[in-house]
Amino acid sequence: GQANIGVIGLAVMGSNLARNLASREGNTVAVYNRTYARTQELMDEHGDMGFIASEDIDGFVASLSKPRTAIIMVQAGKGTDAVIGQLAERFEEGDIIVDGGNANFHDTIRREHDLRDKGLNFVGTGISGGEEGALKGPSIMPGGSDEAWETLGPILRSIAAVAEGEPCVTHVGTDGAGHFVKMVHNGIEYADMQLIAESYDLLRRVGGHSTDDLVKVFEQWNEGDLESYLIEITGEVLKQQDPESGKALVDVIRDEAGSKGTGVWTVQNAVGLGVPVSGIGEAVFARAVSSKPAQRAAVRQAFPDRPDVVDVPDGFEDDVRAALYASKVVAYAQGFDLIIAGAKEYDWDISLGDMAKIWRGGCIIRAQFLNRIVEAYDKNPELESLLVDPYFADAVKEGEAAWRRIVGIAAASGVPAPGFSSALAYFDSLASDRLPASLIQGLRDFFGAHTYQRVDKDGTFHTLWSEDDRREVEQEPST
Ligand code: 6PG
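Procedures and definitions
Residues numbered from 1 in each chain as written. Predicted model: local features only at pLDDT ≥ 70, side-chain atom pairs only at ≥ 80, totals over all residues. Heavy atoms only, no water. UniProt positions renumbered as here; feature names shortened; annotations may be inferred. Buried < 20%, exposed > 50% of the residue type's maximum accessible area, 1.4 Å probe, protein only. Helix = DSSP H or I, 4+ residues; strand = E, 2+ residues; numbered from the N terminus. Pairing = 2+ DSSP bridges. Right-handed = clockwise from strand over helix to strand, strands pointing away. Patch = residues over 30% accessible without salt bridge, like charges linked within 9 Å, V, L, I, M, F, W, Y side chains within 5 Å. Areas by Shrake-Rupley, 256 points an atom, 1.4 Å probe, with all protein chains shown as cover. Salt bridge = Lys/Arg side-chain N within 4 Å of Asp/Glu carboxyl O. pLDDT = per-residue confidence, 0-100. Phe/Tyr/Trp six-rings, centres within 6.5 Å; stacked < 30°, edge-to-face > 60°. Lys NZ or Arg CZ within 6 Å of the ring centre and 35° of its normal. Axes fitted to C-alpha atoms, helices over the stretch in contact; angles between N-to-C directions. Parallel < 35°, antiparallel > 145°, perpendicular 65-115°, else oblique. Left-handed = near helix turned anticlockwise from the far one by under 90°. Contact = heavy atoms within 4.5 Å. Nonpolar A, V, L, I, M, F, W, Y, C, P; charged D, E, K, R; others polar. Expected span 1.5 Å × (residues − 1). Near = heavy atom within 4 Å. Polar contact = N/O pair within 3.5 Å; in protein donor to acceptor, adjacent residues only side chain to side chain. 1 Å grid on protein atoms, 1.4 Å probe; cavity = no way out; pocket = protein on both sides within 12 Å on 5 of 7 lines; lining within 4 Å. Points joined across faces, edges and corners; volume = space filled by probe spheres on them.

Going by an unreviewed UniProt entry, the protein chain carries the name 6-phosphogluconate dehydrogenase, decarboxylating and comes from Curtobacterium caseinilyticum. As recorded by UniProt, the Subunit (unreviewed entry) comment attached to the protein chain reads in full: "Homodimer." The protein chain has a UniProt comment under Sequence similarities (unreviewed entry) that states "Belongs to the 6-phosphogluconate dehydrogenase family."

1. Describing the pairing of strand β2 (residues 29–32)
The two faces of β2 match: Val29 and Val31 on one face and Ala30 and Tyr32 on the other face are all buried. When strand β1 (residues 5–8) meets β2, the two strands line up parallel, connected through four bridges. Its bridge partner lying in β2, Gly6 is registered against Ala30. Following the chain from β1 across helix α1 (residues 12–22) to the adjacent parallel β2, one finds a crossover that is right-handed.

2. Quick notes on a nonpolar patch on the surface
Residues Leu439, Leu443, Phe446 and Phe447 make up a contiguous nonpolar surface patch of about 470 Å² in total accessible area. Using a relative accessible area of 44% as the deciding quantity, one classes Leu443 as partly exposed.

3. Some words on the confidence of the model for the protein chain
Chain-level pLDDT for the protein chain is 97 on average; 100% of the residues reach the 70-or-more range. Predicted complex metrics record ipTM = 0.96 and pTM = 0.96.

4. So, the packing of aromatic side chains
The full count for this structure, using the stated rule, is 16 aromatic pairs. Seen from their ring centres, Phe105 and Phe180 are 4.9 Å apart, and the 90° between their planes marks the pair as edge-to-face. Here the residue Phe105 occupies a position in helix α5 (residues 105–117), and Phe180 occupies one in helix α8 (residues 177–205), the gap between them amounting to 75 residues. With centroids separated by 5.1 Å and ring planes inclined at 65°, the aromatic side chains of Phe218 and Trp221 adopt a geometry described as edge-to-face. With Phe218 and Trp221 both in helix α9 (residues 211–221), this residue pair falls three residues apart, about one helical turn. Using a relative accessible area of 4% as the deciding quantity, one classes Trp221 as buried. Following the ring pairs from residue to residue traces out a cluster consisting of Tyr325, Tyr332, Phe369, Tyr391 and Phe392. One Lys or Arg, Arg372, reaches over the ring of Tyr391 and ends 6.0 Å from the middle of that ring.

5. Focus on the packing of helix α14 (residues 316–346) against helix α17 (residues 390–413)
Running from amino to carboxyl end, α14 crosses α17 at an angle of 120°, the nearest separation of the two axes being 7 Å. If you check the angle between α14 and α17, you find them oblique. The hand of the α14/α17 crossing is left-handed. Two secondary-structure elements touch here, α14 through Phe316, Asp319, Val320, Ala322, Ala323, Tyr325, Ala326, Ser327, Val329 and Val330 and α17 through Tyr391, Phe392, Ala395, Val396, Gly399, Ala402, Trp403, Arg405, Ile406 and Ile409. Residue composition of the contact of α14 with α17, by class: 16 nonpolar, two polar and two charged.

6. Notes on α14
In this model, α14 (31 residues) spans 45 Å end to end at C-alpha, consistent with the 45 Å of a helix rising 1.5 Å per residue. Buried residues dominate α14, accounting for 24 of its 31 residues. Once α14 finishes, Asp347 follows within two positions and takes phi at roughly 65°, a positive value.

7. Brief notes about the site of the ligand
Looking at the ligand, there are 15 residues lining it, with Asn102, Ser128, Glu189, Tyr190 and Arg287 nearest. At a separation of 2.5 Å, an oxygen atom of the ligand approaches a polar side-chain atom of Glu189. Take Arg287: an N or O atom from its side chain is 2.8 Å from an oxygen atom of the ligand. Protein contact buries 80% of the 420 Å² of open area that the ligand shows by itself. By residue number, the principal contributor to the shell around the ligand is α8, which donates five residues. In the shell around the ligand, the residues fall into two nonpolar, nine polar and four charged.

8. A word on the layout of surface pockets
Here the second largest pocket is characterised by a volume of approximately 410 Å³. As for the second largest pocket, its lining consists of 19 residues, and the residues nearest its centre are Ile340, Ile350, Leu352, Pro381 and Glu382. Class assignment of the residues belonging to the lining of the second largest pocket gives a composition of nine nonpolar, two polar and eight charged.

9. Regarding the UniProt feature "domain: 6-phosphogluconate dehydrogenase C-terminal" (unreviewed entry) in the protein chain
The sites that carry the UniProt feature "domain: 6-phosphogluconate dehydrogenase C-terminal" (unreviewed entry) are, in the present numbering, residues 178–466. Secondary structure across residues 178–466 divides into 64% helix and 1% strand, with the first and last C-alpha atoms of the span separated by 53 Å.

Structure representation (structure tokens):
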């Protein structure tokens, strides 16, 4: 075979990735799709890029040089397993199967272990940046073995986005580490979008801004410390007119948010690992609430008298921006906490600084902000929370009063701001001297003898609540 890399699955993401690969010096790209018409389409339009196209899987495998390396770009789930099976039957020891879809990292761990038993390398890799990223340079988050990375590293480096002179790809960790980190990326993406949406809603409903005004606000924000792809495209989306109705497109789009599931995975796994990713959770729940039109209509009818929006103070716009920034710091702090917990649970050696680095370009959450996170972990890789990094701590302190004003205004005006308010509650929980968890422990001990610890001495205690003369007993340490 003569191709150093192959792509299976030539829908938009797959064919764009294949074109990206083929455009880089040193790559010859084999392509294959289950239905040949798709392959034919790619060849018709871009046949001059030196692709080696095969009509069947045997031809595809034969066209690859050793170690054979193939990137699967098909729908995550059953389709992926089928293609892996076909390749595994034909590949030989040392060959590399790459899954570039949004796979569940638990599946990736399972597949990697199964294939390793057969002497094959399996690399689950996150690829972010949508269709354009795949074509022009995505952010790439590969897991898998060191051996696979040796072959794959240079190839992925050749196609990744470049930020601050560095390619947005690194070997994240073994087996499912890459897909885990891509999952967290998507969770953060959900939180980012929710916070932007809340800002838009407050500026519109409370601030009284027109959609045209808002385009300018977001363009302005994109020049400051919020500069990011998502803020930029918010301006683009708000700008879009709908020719049919003559209105802004955003005003004719149904307010029911969809999702493909990666945000839900993030929250499910975080709950299992005991990591409070409340920002991501609120974002997932907000989409779920929006997608219940019947329930929304019923509650709307039962509560027709909504509060009047409050008069906004001077500088409202800046307050919203500050609330957005502080809440964003919280969302990222929580996301990075989840990466730490995942790495510990699944035995991955993940550099948080490197994750921030490879998210600076190519991916959906790319932002200036990530440079600050890179610096934070450079200074202290063991940060207890992103919130305590001096730069972010100062930023939060600076925005704190505005953040509180906005949450108050939102509540008083009846405008939902679950992202802003839960982020503030999380911050206040961490920053509080004492939490009411002591009462919860008391209640648990009362009804279930679940025991508690004391602030003034070591040991585990239980109060004999049901005795007339209640007293506390120390529990023997359990073995
Ligand atoms: C990316 C995106 C991409 C995607 C997801 C999320 O990094 O390029 O995250 O993976 O758009 O499918 O989509 P949902 O909002 O549908 O869950």
